[in-house]
Every structure is written in structure tokens, then in C-alpha cells.
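Single-letter residue listing:
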Amino acid sequence: MSFVIAVDGPAASGKGTVAQRLAQAYGLPYLDTGLLYRAVGVTLIEDGLSLDDPEAAEAAARVLCLETLDQLDLRGRMAGEAASRVAVHPGVRAALLELQRGFARQPGGAVLDGRDIGTVIAPDATVKIYVTASPEVRAERRWKQLAGLGEQVAYDDVLEDIRKRDARDGGRDAAPMTMAEGAQLLDTTHMDIEAATDAARRIVEAARAAGPTGAQG
Ligand code: DC
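Definitions and cut-offs
Residues numbered from 1 in each chain as written. Predicted model: local features only at pLDDT ≥ 70, side-chain atom pairs only at ≥ 80, totals over all residues. Heavy atoms only, no water. Pairing = 2+ DSSP bridges. Helix = DSSP H or I, 4+ residues; strand = E, 2+ residues; numbered from the N terminus. Axes fitted to C-alpha atoms, helices over the stretch in contact; angles between N-to-C directions. Salt bridge = Lys/Arg side-chain N within 4 Å of Asp/Glu carboxyl O. Buried < 20%, exposed > 50% of the residue type's maximum accessible area, 1.4 Å probe, protein only. Phe/Tyr/Trp six-rings, centres within 6.5 Å; stacked < 30°, edge-to-face > 60°. Near = heavy atom within 4 Å. Polar contact = N/O pair within 3.5 Å; in protein donor to acceptor, adjacent residues only side chain to side chain. Areas by Shrake-Rupley, 256 points an atom, 1.4 Å probe, with all protein chains shown as cover. 1 Å grid on protein atoms, 1.4 Å probe; cavity = no way out; pocket = protein on both sides within 12 Å on 5 of 7 lines; lining within 4 Å. Sits in = over half its atoms within 2 Å of the grid points. Nonpolar A, V, L, I, M, F, W, Y, C, P; charged D, E, K, R; others polar. Expected span 1.5 Å × (residues − 1). Arc of directions from axis to C-beta. Contact = heavy atoms within 4.5 Å.

## Focus: the sheet that holds strand 2 (residues 30-32)
Remark on secondary structure: sheet strands pair via backbone hydrogen bonds, oriented parallel or antiparallel.
Part 1 of the reasoning: The sheet built from 5 strands is open, its strands ordered 2-3-1-4-5 with parallel pairing. In this open sheet, the two strands that pair with only one neighbour each are strand 2 and strand 5 (184-187). Mean inter-strand twist for the sheet, computed between neighbouring axes without regard to direction, equals 20 degrees.
Part 2 of the reasoning: Of the pairings in the sheet, the one linking strand 1 (residues 3-8) to strand 3 (residues 109-114) comprises 6 bridges and is parallel in character. Its bridge partner lying in strand 3, D8 is registered against G114.

## Details of the pattern of salt bridges
Part 1 of the reasoning: Inspection of every chain in the model, using the stated rule, returns 14 salt bridges.
Part 2 of the reasoning: The partner of R85 in a salt bridge is D52, with the nearest N and O atoms 2.9 Å apart. Separated by 33 residues along the polypeptide, R85 in helix 4 (residues 77-86) and D52 in the loop between helix 2 (34-46) and helix 3 (54-62) bring together distant segments of the chain.
Part 3 of the reasoning: One salt bridge connects E205 with R208, and the closest N-O pair in it is separated by 4.0 Å. In this pair, E205 and R208 are both assigned in helix 9 (residues 193-209), 3 residues apart and thus about one turn of the helix distant.
Part 4 of the reasoning: What makes E205 partly exposed here is its relative accessible area of 34%.
Part 5 of the reasoning: One salt-bridge network, in which partners are shared between bridges, spans R115, D169 and R172.

## What about the packing of aromatic side chains?
Part 1 of the reasoning: Inspection of every chain in the model, using the stated rule, returns 1 aromatic pair.
Part 2 of the reasoning: Ring plane angle 80 degrees and centroid distance 5.6 Å describe the contact between F3 and Y26, whose orientation is recorded as edge-to-face. Of the two residues, F3 is situated in strand 1 and Y26 in helix 1 (residues 15-26); the sequence distance between them amounts to 23 residues.
Part 3 of the reasoning: Here F3 falls in the buried class, since its relative accessible area comes to 10%.

## What to know about the site of the ligand
Part 1 of the reasoning: The environment of the ligand is formed by 15 residues, the closest being R38, R93, R165, D169 and R172.
Part 2 of the reasoning: Here R93 contributes a side-chain N or O atom positioned 2.8 Å from an oxygen atom of the ligand.
Part 3 of the reasoning: D116 places a side-chain nitrogen or oxygen 2.9 Å from a nitrogen atom of the ligand.
Part 4 of the reasoning: Protein chains bury 97% of the 450 Å² of accessible surface belonging to the ligand in isolation.
Part 5 of the reasoning: Mapping the ligand onto the cavity grids shows that it belongs to the largest pocket.
Part 6 of the reasoning: In terms of residue count, helix 2 provides more of the shell around the ligand than any other element does, 3 residues in total.
Part 7 of the reasoning: Taken together, the residues of the shell around the ligand break down into 3 nonpolar, 4 polar and 8 charged.

## Description of helix 7 (residues 135-148)
Part 1 of the reasoning: The end-to-end C-alpha separation of helix 7 is 20 Å, in line with the 20 Å expected for 14 residues at 1.5 Å each.
Part 2 of the reasoning: All of the buried residues in helix 7 are R138, A139, R142 and L146. Seen from one end, helix 7 has its buried residues packed into an arc of 100 degrees, which puts them on one side. Every exposed residue of helix 7 that faces more than 90 degrees away from the buried side is listed here: K144 and G148.
Part 3 of the reasoning: Of the surrounding elements, those touching the buried residues of helix 7 are helix 2, helix 4 and helix 8 (155-171).
Part 4 of the reasoning: In the segment just after helix 7, G150 is the residue with positive phi, at about 90 degrees.

Printed below as a string of C-alpha cells:
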């Protein structure tokens, strides 16, 4: 029986680290789907094309493959903003859909994190977790992360980025960021990463103990 864990939530909520640790704990392959949107955005910028051009963005998404993602610099502030902008185009989302669903369908299962995993990519996932935290705490985490990457940005600017990104990702028409039906809320505002991972493990264990209801075939 396939075992799929869907982790969604806003930027810097801790969802990536939680998803990665769950993948490790259960021996499952892991996909950070934000990297796909980041790669589309960065490709457009490198080619001098507009992030707001739906055709150019879709064309970049259609030729994307997982194997070449590590050749791009996708972790910085600009890549996150670019990703959020190209992610509003329905053609981009459609172009990336099968790649993500294929990853989720692997024998044995998978862990995916993003914004629409529980709602669109894997609505039948065995477990769905929606990870969040206050904008202020998320901004502080992202600010530290960017400083670690050598990007010197004022905290207030990072907080502004976070708020804008939440509004864009949650307000778009195509697969907006939202808590999926059946998802468990994990608020990490007052948790460090160890506590968040433990809480996520408890959610997964409870879902497993509840039996195969809703599990993928
Ligand atoms: O998870 P992240 O911060 O790397 O994601 C970057 C942007 O990509 C995010 O602001 C919105 C978009 N995204 C999306 O629309 N759907 C996903 N499944 C993952 C990311």
C-alpha cells in the first residue's frame, strides 16, 4: 500500500524541514515542490523574460526536469518572489502537475511539500499536514536563513515579503494555498524544529493507527 504524506503551508513555516525529516524517518523519497516554481521563475529571469508572461512561464515549466534543478541557484530571496509570481499562471501549474503526481505515485509512497499538495496534487494522501506559524516568527526564520546564505536584508523587508507572498499565494484563483480537507494543523509559532518534527510524527502515527481509510491504493 502506498504511503503518501502531503505537507502544505506558507513560506518559512518549517514545512520543508518537517517534510524532509518525515521522509527520513519513514524511508520515503521527498520532493520540495517549491523548487519547481522557483526554477521556472529563475529560468525566466535568466532568459530576460517577464514573470508575468503566462506563455513564456508555461513554456519554461514544460521543459523543466527534476534532474537539472540543482544546476540553478534557487534558495535566495529573488527566487522565492519569482516563484510566487509564476505560480499564479494556471498553465504553469498544469505543466508541473503530472511531474508531481508521478512523484507521489511511486511504489511505497513519497513525501511532498508545497501549497497545493493536499488539495490538488495528492488529494488522497494518507496523511495531510498544514504547517503554519505567525508571520513575525516566519520572517525571523527566513531572515536568519537569508543571512546564512549571505543575503543582508532588513527584517522589516523580509516581513513585508512574507505578507505579500501569503496574500498572493492564498489569493490566486489557480490552486490557492489553503488547508486541505482532512488536513491536520501544525502551528509551529512556539516550537523549535525538534518539537515540530515530533508533533508531525504524532500526526502521522495517529493517521496510520486509524487504518487505511483515505490511503492511496
Ligand atoms: O515553498 P517555497 O517558498 O519554496 O515556494 C515558493 C513559491 O512557489 C510559493 O510562494 C508559491 C509557489 N508554490 C506553489 O504555488 N505551489 C507549490 N506546491 C509550491 C510552491
